[in-house]
Amino acid sequence: MASSMDLDILRKSVVLDALPPAELERLAPALKRRSYRRGETLYHQGDPGHVLHVVLEGRVKVVLPSETGEEAVLTVLGPGDVHGEMALLDGEPRSATVVALEPVVSATLSREDFMGLLKRSPGAVEGVLAGLAQMIRRLSSEVGDLMFLDLQGRLAKKLLELAETHGKDDGSGIEIQAALTQEDLAGMIGATRPRVNQLLGSFEDRGAISRRGRRIVILRSDVLSRWAAS
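Residues numbered from 1 in each chain as written. Predicted model: local features only at pLDDT ≥ 70, side-chain atom pairs only at ≥ 80, totals over all residues. Heavy atoms only, no water.

Draft legend 1. Structural detail: the nonpolar core. By size, the foremost hydrophobic cluster in this structure holds 28 residues, and its most contacted members are L159, L185, F203, I209 and L224. Only β5 (71-77), α6 (151-166), α7 (182-189), α8 (193-205), β12 (215-218) and α9 (221-228) provide two or more residues apiece to this core. Per-element accounting of this core gives the leading share, 5 residues, to α6. (Core = buried A, V, L, I, M, F, W, Y, C linked by side-chain atoms within 4.5 Å. Buried < 20%, exposed > 50% of the residue type's maximum accessible area, 1.4 Å probe, protein only. Helix = DSSP H or I, 4+ residues; strand = E, 2+ residues; numbered from the N terminus.)

Written out as structure tokens, the structure is:
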């Protein structure tokens, strides 16, 4: 069952934030908390889709795996974000694999409870539609980036996006809180790990970023913005 702190996070969800407080309280007993270790897979592409996930703590990456072991990283999700709704809506298997980037706690909702929520709550339907629209806009933008931006521009734009959604201002810059590997970044922009390493080194040399282990700090967003627009 969700705690009061969990309910505060659920209210930030695109899917659930339009629910009246009474509806969210009614939903709470159906939610189940599940914990995952860093690197653990929440579900694989092709698995049956029985539950909806809302991230309560930590971050996950949504990936499309290939037969060669490489991954296309579609997005990174954090507290309040929802995933797994597509399989619940159409009854088809999972369309992607989801992996914990760090220790993660999710609130899960069964397909039966989720569909019941949609039937009785227009606000939940609006939230699902808004979430799907956001996903389509993001994917459309990324297709355009692959067509019209070079690797430097794509990486600069992706770092700015990650800073906006997962960044924290520490006084010296905006630190991207998601602990992403260079392979993860490569999977986001259609590059190789060595090329991403080379570009990050170039960004660092020019004073646009600094690196703290896997964490990247944006020091000059104006510089990255110029590269992202070229």
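Additional details are given in the paragraphs that follow.
Draft legend 2. Representation of the pattern of salt bridges in the model. Per the counting criterion, the structure on display carries 14 salt bridges. For D184, the salt bridge identified is with K61, shortest N-O distance 2.6 Å. Taken together, the residues D184 in helix α7 and K61 in strand β4 (residues 60-65) connect sequence positions 123 residues apart. When sorted by exposure, D184 lands in the same class as K61, which is buried. The network of salt bridges with common partners includes D170, E175, R212 and R215. (Salt bridge = Lys/Arg side-chain N within 4 Å of Asp/Glu carboxyl O.)

Draft legend 3. Local environment of the packing of α6 against α7. In contact at an axis separation of 10 Å, α6 and α7 are set at 110° when each is read in the N-to-C sense. Considered as vectors, α6 and α7 are oriented roughly perpendicular to each other. When you trace α6 past α7, the crossing you get is right-handed. Facing α6, whose interface residues are L151, R154, L155, K158, L159 and L162, α7 presents L185, M188 and I189. Of the residues that constitute the contact of α6 with α7, the class distribution is 7 nonpolar, no polar and 2 charged. (Axes fitted to C-alpha atoms, helices over the stretch in contact; angles between N-to-C directions. Parallel < 35°, antiparallel > 145°, perpendicular 65-115°, else oblique. Left-handed = near helix turned anticlockwise from the far one by under 90°. Contact = heavy atoms within 4.5 Å. Nonpolar A, V, L, I, M, F, W, Y, C, P; charged D, E, K, R; others polar.)

Draft legend 4. Broad picture of the environment of Y43. The topology assignment puts Y43 in strand β2 (residues 41-43). As a C-alpha pair, Y43 and T192 span 149 residues in sequence and 25 Å in three-dimensional space. If sequence neighbours within four positions are ignored, Y43 has contacts with H53, H83, G84, R94, A96, T97 and V98. At a separation of 2.9 Å, a polar atom in the side chain of Y43 contacts the side chain of H83. (Polar contact = N/O pair within 3.5 Å; in protein donor to acceptor, adjacent residues only side chain to side chain.)

Draft legend 5. View of the pairing of β5. In this sheet, β5 lies alongside β4 in antiparallel orientation, the contact comprising 6 bridges. By the bridge assignment for β5, V63 is matched with V73. Taking the residues between adjacent antiparallel strands as the criterion, β4 and β5 are bridged by 5 residues, where G69 takes a positive phi near 95°. (Pairing = 2+ DSSP bridges.)

Draft legend 6. The arrangement of the sheet that holds strand β11 (residues 209-212) in detail. If you walk across this open sheet you meet the 4 strands as β9-β10-β12-β11, and the pairing is antiparallel. Across the chains shown, the open sheet's two edge strands, defined by having one partner strand only, are β9 (167-169) and β11. The average undirected angle you get between the axes of adjacent strands in this sheet is 25°. As judged from the 4 bridges shared by β11 and β12, these two strands associate in the antiparallel manner. By the bridge assignment, R211 is partnered in β12 with I216. The strands touched by α8 are β11 and β12; relative to β11, the strand with the most contacts, the crossing angle is about 120°.

Draft legend 7. Layout of empty space enclosed by the protein. Applying the stated rule across the entire model yields 1 cavity of 30 Å³ or more. Within this model, the largest cavity holds a volume of roughly 40 Å³. Taken together, L159, I176, A178, L180, L185, R214 and I216 make up the lining of the largest cavity. Taken together, the residues of the lining of the largest cavity break down into 6 nonpolar, no polar and 1 charged. (1 Å grid on protein atoms, 1.4 Å probe; cavity = no way out; pocket = protein on both sides within 12 Å on 5 of 7 lines; lining within 4 Å. Points joined across faces, edges and corners; volume = space filled by probe spheres on them.)

Draft legend 8. Region of the structure containing a nonpolar patch on the surface. On the surface, V143, M147 and F148 cluster together into a nonpolar patch covering about 390 Å² of accessible area. Residue placement: V143 occurs in helix α5 (residues 122-148). (Patch = residues over 30% accessible without salt bridge, like charges linked within 9 Å, V, L, I, M, F, W, Y side chains within 5 Å. Areas by Shrake-Rupley, 256 points an atom, 1.4 Å probe, with all protein chains shown as cover.)

Draft legend 9. Structural context of the packing of aromatic side chains. One pass over the full model with this rule turns up 1 aromatic pair. Ring centres of F203 and W227 lie 4.8 Å apart, and the angle between their planes is 25°; this geometry places the pair in the stacked category. Of the two residues, F203 sits in helix α8 while W227 sits in helix α9, which places them 24 residues apart along the sequence. Both residues of the pair, F203 and W227, belong to the buried class. It is R94 that lies over the ring of Y43; its NZ or CZ is 4.0 Å from the centre. (Phe/Tyr/Trp six-rings, centres within 6.5 Å; stacked < 30°, edge-to-face > 60°. Lys NZ or Arg CZ within 6 Å of the ring centre and 35° of its normal.)

Honestly, that's just the spatial picture; any functional story needs more than this.
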